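# Structure assessment
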Amino acid sequence: MTSHQTDVLQATVLADVGVVLVVGALLLRLCRKSRQPTVIGEILAGIALGPSLLGLLPGDPTRHLFPEAGRPYLSAMAQLGLLLFMFVLGWELEPRHLHGAKRSITMVTMGSMALPFALGTGAAALVYDQHRSVAGQPVSFWVFGGFLGISMAITAFPVLARILADHGLGSTRIGTLSLASAAVGDVLAWCLLAVVVGTATSSGLGQFATTVGGSVLYVAVLALVVRPLLRVAVPAAFRRTGRGLSPTLYLAGLVAAGIFFSSYATTRIGIHPVFGAFAFGLVMPREPRRELEQSMLRPFQGVSQVLMPVYFVVTGLAVDIGGLRGRDWLELALLVTAACAGKILGAGIPALRLGLGRRESLSLGVLMNVRGLTELIILNIGLSLHVLDERLFTVMVLVALFTTALAGPLLPLVLPRHTIRPPAPPALEPASAHPADAERPGSTGSTGKAR
C-alpha cells in the first residue's frame, strides 16, 4: 500500500467516525423521546450501519463505507473507548453502594445471578449442537455454557443507574437494593468470566495453571503495590496544582497509563484487556471525589463518549439479522425467555421473602433484567475467542437489545404508584451538566448517557 493509499484509508476511517457520530446523535434523540437508555440507540446505530440494514442496499454500501483494510483502525479506537469505559465502571463500583442491609443485598444478588446463570447454561445445552464448532475448531461445552450463563446473569450497572434516575427511584428501597445488587453481581460476573476466558485461551492444564497463577500474582500486585502507590500519588497530584501544574494533565495522564499497562498485563496473562481496565478502576482511590471527577472522570468520559459509538458499529458489522434462519429465531425466543425469567424470578422471589410487595418485587426483577453494553462486551469477547459463531452472536445481541428496551415501557405498568417520582426538572440540575454528558455509572442523579 502506497503512502497516498494509506492517507486515503486513514481519512476514510475518520469519515467513518463522523458518520457513526451523526447516526448515533439522530437515534439518541429518538431514545430520549421514548424514554429509552441511549445504549438502545447506539446498538441500533451499529446494526443499521452493518450488513443487517445498510448492507442490504444495492452495491453493499457497508463494505465501501467500512472497508476491510480500515476496520483494524476502527477496532483500535473502539478498544480505547472500551478500556476507559471499563475503568470508569470499576471506579464507580465502590463500597458506598453497598451500605444498607447486607442480607437483602446478598439474597437478591445471589438469586439474580444463580437462576439466570442456570437457565443460561441450560439453554446452552439445548443449542450447543448447532454451535459446537466455530471457524472449524470445536468449542468446549463448559466454555460455551459459561459464556451464555454469564451473559444471562449480568446486569448493566450504568443503564440501571440511568433508569432509576429517569423514574425517580434512586432513593427508594427497590432503587437502592437493585443498584447495590447489580454492583456486587457485576464484580462477581467479571471474576467468573475471567476464569472462563482463561479456560478458553489455555491449550492445556499447564497453561491454565500458568494463567491462574499469573492472575493471582496480578491481583496481589494491584492490591499490595499499586493501590498504596495510588493513595500517595493522587493527593500529591492535587498538591502540585498550586505550582502551575494542571491536575487534569498530570493525574489523567498517569491514570490512563496505568489503565493501559494493567490491560497489557491481563492480556499477557491470558485474559482479556477489559479485565485490566476494570480492575485498575476498582483499586483507584475515590477521594477527594469532587476533584477526581473534575480532573479524571470527566476527561475519560468525554473520550469514551466519542469512541464508544465506534465500538457499537464494530459490533454491528458482525451482526447479520438477515442471515438468521427459522431455527435461529426459535433460539432467540428460548434465550429471551430464559434471560427474562431468570432475572425477574431470580430477583423477585428473594424480594418477596424480604417483605417487598408483589409489584415492588416484580419491578426489582425488571430493573435487574437490563443488560445493555455490559452484555455486548461479554459477547464480543466470546466472538473474538471463537466461542460464539456469528449467528449466535447476532441472536445474543438481539437478546441484549430486547431485555434492555423492555424496562422502559414495562416499569410504569408494574411500579407501585407511590414509588414513582418525576425526575428533577432541567432547571434544578447542576449548571455544569449538559444533555449530552455521559451518565456516571454510580450516580442516579446526574444527567446524560448510560450504557
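Just above sits the structure.
Right, let's walk through the structure included here. (Residues numbered from 1 in each chain as written. Predicted model: local features only at pLDDT ≥ 70, side-chain atom pairs only at ≥ 80, totals over all residues. Heavy atoms only, no water.)

## Some thoughts on the overall build of the chain
The helix and strand tally for the chain stands at 16 helices and two strands. Considering the chain as a whole, with its 451 residues, one finds that 53% of them fall into the buried category. A separation of at least 24 residues holds for 82% of the contacts in the chain among residues at least 6 apart in sequence. Looking at the chain as shown, the accessible area adds up to about 19,400 Å², and 67% of this sits on carbon and sulfur atoms. (Helix = DSSP H or I, 4+ residues; strand = E, 2+ residues; numbered from the N terminus. Buried < 20%, exposed > 50% of the residue type's maximum accessible area, 1.4 Å probe, protein only. Contact = heavy atoms within 4.5 Å. Areas by Shrake-Rupley, 256 points an atom, 1.4 Å probe, with all protein chains shown as cover.)

## A short note on the packing of helix 1 (residues 3-33) against helix 12 (residues 289-316)
Between helix 1 and helix 12, whose axes approach to 9 Å, the crossing angle comes to 95°. Taken together, the axes of helix 1 and helix 12 are roughly perpendicular relative to one another. Within the contact between the two elements, helix 1 uses Val 17, Val 20 and Leu 21 and helix 12 uses Val 306, Pro 309, Val 310 and Val 313. Its residues placed into classes, the contact of helix 1 with helix 12 shows seven nonpolar, no polar and no charged. (Axes fitted to C-alpha atoms, helices over the stretch in contact; angles between N-to-C directions. Parallel < 35°, antiparallel > 145°, perpendicular 65-115°, else oblique. Nonpolar A, V, L, I, M, F, W, Y, C, P; charged D, E, K, R; others polar.)

## Brief notes about helix 15 (residues 372-384)
An α-helical turn contains 3.6 residues, so a residue and the one three or four places further along point in the same direction. Taking 1.5 Å per residue as the helical rise, helix 15 with its 13 residues ought to reach 18 Å, and the 19 Å between its terminal C-alpha atoms agrees with that figure. Buried residues dominate helix 15, accounting for twelve of its 13 residues. Taken together, the buried positions of helix 15 are occupied by Gly 372, Leu 373, Thr 374, Glu 375, Leu 376, Ile 377, Ile 378, Leu 379, Asn 380, Ile 381, Gly 382 and Leu 383. Within two residues after helix 15, His 386 carries a phi angle of roughly 60°, on the positive side. (Expected span 1.5 Å × (residues − 1).)

## Brief notes about helix 7 (residues 157-166)
Among the ten residues that make up helix 7, ten are buried, leaving the element largely enclosed by the rest of the structure. Within the sequence span of helix 7, burial applies to Phe 157, Pro 158, Val 159, Leu 160, Ala 161, Arg 162, Ile 163, Leu 164, Ala 165 and Asp 166. Gly 168 occupies a position one or two residues after helix 7 and carries a positive phi of about 65°.

## Some remarks on the packing of helix 6 (residues 141-153) against helix 13 (residues 326-353)
Packed helix pairs are specified by the crossing angle of their axes together with the interaxial distance, meaning the distance between the axes. At a minimum axis separation of 9 Å, helix 6 and helix 13 run at an interaxial angle of 50°. Here helix 13 runs oblique to helix 6, going by the angle between their axes. The chirality of how helix 6 crosses helix 13 is right-handed. Counted together, Leu 148, Met 152 and Ala 153 of helix 6 and Leu 335, Ala 338, Ala 339 and Lys 343 of helix 13 form the full contact between these two elements. For the contact of helix 6 with helix 13, the residue count by class is six nonpolar, no polar and one charged. (Left-handed = near helix turned anticlockwise from the far one by under 90°.)

## Observations regarding the pattern of salt bridges
Between side chains of opposite charge, a pair can form as their charged atoms come close. Applying the stated criterion across every chain yields a total of seven salt bridges. When the shortest N-O distance is used, the salt bridge between Glu 331 and Arg 327 registers 3.7 Å. Placement of the pair is Glu 331 and Arg 327 together in helix 13, with a separation of four residues, close to one helical turn. Assessed through its relative accessible area of 4%, Glu 331 is described here as buried. Note on Arg 327: relative accessible area 43%, which makes it partly exposed. For Asp 328, the salt bridge is made with Arg 391, and the minimal N-O distance between the two is 2.5 Å. Here Arg 391 lies in helix 16 (residues 390-414) and Asp 328 lies in helix 13, a separation of 63 residues in the sequence. Given the relative accessible area of 2%, Asp 328 is considered buried. (Salt bridge = Lys/Arg side-chain N within 4 Å of Asp/Glu carboxyl O.)

Nothing here speaks to function; it is geometry throughout.
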